[in-house]
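Overview (structure and organization)
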Amino acid sequence: MTYNILEKYEMVPTVHLMKIQAPDVAKATKASQFIILRIDETGERIPLTIADFDVVEGSVTIIFQEMGKTTKYLAKLTTDDTLQDFVGPLGCPSEIEKLGTIVLVGGGVGVAPIYPQAKAYRKAGNKVISIIGARSKNLLILEDEMRTQSDEVYITTDDGSKGHHGFVTDIVQNLLEGDEVINRIVAIGPPVMMRAVAGVVEPFDVETLVSLNPIMVDGTGMCGGCRVSIGGETKFACVDGPEFDARKVDFNLMMSRLGLYRSEESEAVEHYESECKSKTGCGDECTCH
Ligand code: NAD
Ligand code: FES
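Notes on the sheet that holds strand β1 (residues 3-12)
Pairing in this open sheet of 7 strands is antiparallel, and the strands run β6-β1-β2-β5-β4-β3-β7 from one edge to the other. Whereas interior strands pair on both sides, the edge strands pair on one side only; in this sheet they are β6 (82-83) and β7 (85-90). Against the sheet, helix α3 (residues 111-123) touches β4 (46-54) and β5 (59-65), its axis set at about 35° to β4.

Here's the deal with the nonpolar core
Among the nonpolar cores identified, the biggest contains 35 residues, and Val 105, Ile 185 and Leu 212 are the most heavily contacted of them. Tallying contributions element by element places helix α6 (residues 191-201) first for this core, with 6 residues.

Concerning the sheet that holds strand β10 (residues 152-157)
Read from one edge to the other, the open sheet built from 7 strands follows the order β11-β10-β9-β8-β12-β13-β16, with strand pairing classed as mixed. The open sheet is flanked by β11 (164-165) and β16 (243-245), the only strands paired with a single partner. By the bridge criterion, 3 bridges tie strand β13 (residues 208-211) to β16 in an arrangement that is antiparallel. Each bridged residue has a counterpart across the sheet, and for Ser 211 the counterpart in β16 is Glu 243. Each of β8 (101-107), β9 (127-134), β10, β11 and β12 (184-188) is contacted by helix α5 (residues 168-177), which is oriented at about 150° to β9, the strand it contacts most.

Some thoughts on the site of ligand 1
Of all residues adjacent to ligand 1, which total 24 residues, the nearest are Val 109, Arg 135, Asp 158, Val 168 and Ser 211. One nitrogen or oxygen atom from the side chain of Thr 49 is found 3.2 Å from an oxygen atom belonging to ligand 1. Between an oxygen atom of ligand 1 and a main-chain N or O atom of Val 109, the distance comes to 2.9 Å. In the complex, the protein chains occlude 82% of the 860 Å² of accessible area that ligand 1 would expose alone. Contributing elements (two or more residues each) for the shell around ligand 1: β9, α5 and α6. Considering each element in turn, the shell around ligand 1 owes the most residues, 4 residues, to α6.

So, the pairing of strand β14 (residues 227-230)
Note: β14 against strand β15 (residues 233-236), 4 bridges, orientation antiparallel. Residue pairing for β15: Val 228 is matched across the bridge by Lys 235. The antiparallel pairing of β14 with β15 creates a hairpin that spans 2 residues between the two strands, and Gly 231 there sits at a positive phi of about 55°.

Focus on α5
For α5, the complete set of buried residues consists of Val 168, Thr 169, Ile 171, Val 172, Leu 175 and Leu 176. Looking down the long axis of α5, one finds its buried residues gathered within 155° of arc, a one-sided arrangement. Contacts made by the buried residues of α5 are with β8, β9, β10, β11, β12 and α6.

Conventions adopted
- Just so you know, the residues in each chain are numbered from 1, in the order the chain's sequence is written.
- Each chain gets a letter, beginning with A, and each ligand a number, beginning with 1, in the order they are written.
- With the structure being a predicted model, the display of local features is reserved for residues of pLDDT at least 70 and the display and counting of side-chain atom pairs for 80 or more, all residues being used for whole-chain, interface and lining totals.
- Only hydrogens and water are set aside; all other atoms, that is, all heavy atoms of the structure, feed into the side-chain values.
- Note on pairing: two strands pair once DSSP finds at least 2 bridges between them.
- What counts as a helix is a DSSP run of H or I of at least four residues, what counts as a strand is a run of E of at least two, and both are numbered from the N terminus.
- It only takes one pair of heavy atoms within 4.5 Å for two residues to be counted as in contact.
- To get an axis, a line is fitted to the C-alpha atoms, and for a helix only the part in contact is used. The angle between two axes follows their N-to-C directions and goes from 0 to 180 degrees.
- Think of a nonpolar core as a cluster: buried Ala, Val, Leu, Ile, Met, Phe, Trp, Tyr and Cys residues, connected wherever their side-chain atoms sit within 4.5 Å.
- A 1.4 Å probe rolled over the protein chains alone gives each residue an accessible area, and that area as a share of the maximum for its type sets the label: buried under 20%, exposed over 50%, partly exposed in between.
- Proximity criterion: a residue is near a molecule or strand once any of its heavy atoms comes within 4 Å of it.
- Here a polar contact is taken to be a pair of N or O atoms separated by no more than 3.5 Å, where protein atoms must pair a possible hydrogen donor with a possible acceptor and residues adjacent in sequence count only if both atoms sit in side chains.
- Accessible areas in this description were obtained via Shrake-Rupley with a 1.4 Å probe; residue shielding takes into account the shown protein chains only.
- Directions drawn from the helix axis to the C-beta atoms are what define this arc.

Dropping the structure here:
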């Protein structure tokens, strides 16, 4: 069985949206779950958090950033292509309930997995305050979609080109120091951002969850690749997570494990790009990878 690509476009530079026909996955998906895909039978398995799903259409949407060889290759596929494997939903769904006021924090591509959470918390009757940040306004994704699912939206950019000039954590701090009672914070984005959110919430008594995306291989708890340390205990993000209590996560360990294969990843990208250039014959001017 292969999986059809129903839609594919570049949302902002190097960040792509891909909608896949996968009715069984769509039917079973809940917020915070992820899939593992393989482009072809020799391909690398990559985990991606589900950004949206439509049970009626039978589709699942993923949003990914070109980073390594596989995501660069994935970015080149079109609606004429198919995927070999699309396994999911994997991981534990978020425990969505009516709590009151929920603050959702999405940084960069991390806004994609925050979107289904906004929908689910809103549907459960919560007030949703969203904070979405990017390095610059041209890298901001899903602003309109987040507005439709949030009671309030704060935008931040590192360079001040839109919204608050600064990091998402500045707004988290302001809200925590304000009068409104916050019942839960969920933060998803680069590990440094999630670690910074954990630091900001430390003095406050507010439940804070982060969604971790360490290196994964099988996604079923068998390989140990996604090992993380939570409150001193070893957990596997693929089966025990991906959501964990922000204050218990050993971010430094997670970040050092994420860097374990950096040189192999760069080598694979270099090899892929030089192969691409020689195949297309466009030499050093090649932009198709
Ligand atoms: P980025 O580096 O552009 O950062 C996005 C935002 O995060 C910034 O605009 C800022 O507001 C905040 N931020 C960054 N560093 C910060 C710091 N030191 N302190 C406080 N706030 C900070 O993000 P990007 O390039 O889009 O990176 C995407 C990252 O998100 C990748 O590392 C990817 O692996 C990760 N990601 C995680 C998930 C997940 O499920 N956990 C999903 C998608 C992407
Ligand atoms: Fe293998 Fe989690 S990905 S144990």
